[in-house]
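What follows is each chain in one-letter form.
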Amino acid sequence: MQTDDVLEWTCQYCGVDNSVWVDLTIEGKQDFVEDCRICCRPNRIIVVRDYDGNVMIEARPIDE
Ligand SMILES: [Zn+2]
């Protein structure tokens, strides 16, 4: 079983692609904040792992 991965997310402010290391041993939802590597604005990152092991990543503006 894969225990970690590097996932891509898109900055909600400047549109640049960023990557983040994600611990896949955590079940369910992970919700954290990452700063964009270009504009340095914080994005809220939500990672969800379902029962089949599929991982989805979503970026949202922090003020939402
Ligand atoms: Zn940005």
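Residues numbered from 1 in each chain as written. Predicted model: local features only at pLDDT ≥ 70, side-chain atom pairs only at ≥ 80, totals over all residues. Heavy atoms only, no water.

Per an unreviewed UniProt entry, the protein chain goes by CPXCG motif-containing cysteine-rich protein and derives from Ignavibacterium album.

**Student:** Just to check I follow, could you spell out the coordination of the zinc ion for this structure?
**Tutor:** For a metal bound by four donors in a tetrahedral arrangement, the ideal donor-metal-donor angle is 109.5 degrees, while six donors in an octahedral arrangement ideally sit at 90 or 180 degrees. Taken together, C11 (SG), C14 (SG), C36 (SG) and C39 (SG) make up the protein donors of the zinc ion, found 2.3 Å from the metal. Around the zinc ion, the 4 donor atoms are arranged such that angles at the metal cover 106 to 115°; this shape is classified as tetrahedral. The sequence pattern formed by the donor residues of the zinc ion is C-x2-C-x21-C-x2-C. On the criterion of sequence distance, the pair formed by C11 in the loop between β1 (4-10) and β2 (17-23) and C39 in the loop between β3 (28-35) and β4 (42-49) is long-range, its members being 28 residues apart. (Donors = N, O, S within 2.8 Å, 3.2 Å for Na, K, Ca; no water. Tetrahedral: all angles 85-135°; square planar, octahedral: opposite > 155°, others 65-115°. Helix = DSSP H or I, 4+ residues; strand = E, 2+ residues; numbered from the N terminus.)

**Student:** Would you mind going over the sheet that holds strand β5 (residues 55-61) with me for this structure?
**Tutor:** In a beta sheet, neighbouring strands pair by backbone hydrogen bonds and run either parallel or antiparallel. Strand order in the open sheet formed by 3 strands is β3-β4-β5, with antiparallel pairing between adjacent strands. At either margin of the open sheet sits one strand with a lone partner, and together these are β3 and β5. Sheet twist, expressed as the average angle between the axes of neighbouring strands with direction ignored, equals 20°. (Pairing = 2+ DSSP bridges. Axes fitted to C-alpha atoms, helices over the stretch in contact; angles between N-to-C directions.)

**Student:** Help me out: how do you make sense of the nonpolar core in this one?
**Tutor:** Soluble globular proteins: nonpolar side chains tend toward being buried together. Of all hydrophobic cores here, the largest spans 10 residues; its members are L7, W9, C11, V20, V22, L24, C36, I45, V47 and A59. Going through the elements one at a time, β1, β2 and β4 are the ones with two or more residues in this core. With sequence-adjacent residues up to four places away left out, L7 is seen in contact with N18, S19, V20, V22, V47, V55 and I57. (Core = buried A, V, L, I, M, F, W, Y, C linked by side-chain atoms within 4.5 Å. Buried < 20%, exposed > 50% of the residue type's maximum accessible area, 1.4 Å probe, protein only. Contact = heavy atoms within 4.5 Å.)

**Student:** Is there a simple way to think about the pattern of salt bridges in this case?
**Tutor:** Pairing between side chains of opposite charge can happen when their charged atoms approach one another. A complete count under the given rule lists 2 salt bridges for this structure. Two residues, D31 and R44, come together in a salt bridge whose shortest N-O distance is 2.6 Å. Of this pair, D31 sits in strand β3 while R44 sits in strand β4, and the two are 13 residues apart along the sequence. Residue R44 is classed as partly exposed on the basis of its relative accessible area of 25%. Notably, a salt bridge pairs E58 with R60, separated by 2.8 Å at the nearest N-O pair. Judged by its relative accessible area of 29%, R60 is partly exposed. (Salt bridge = Lys/Arg side-chain N within 4 Å of Asp/Glu carboxyl O.)

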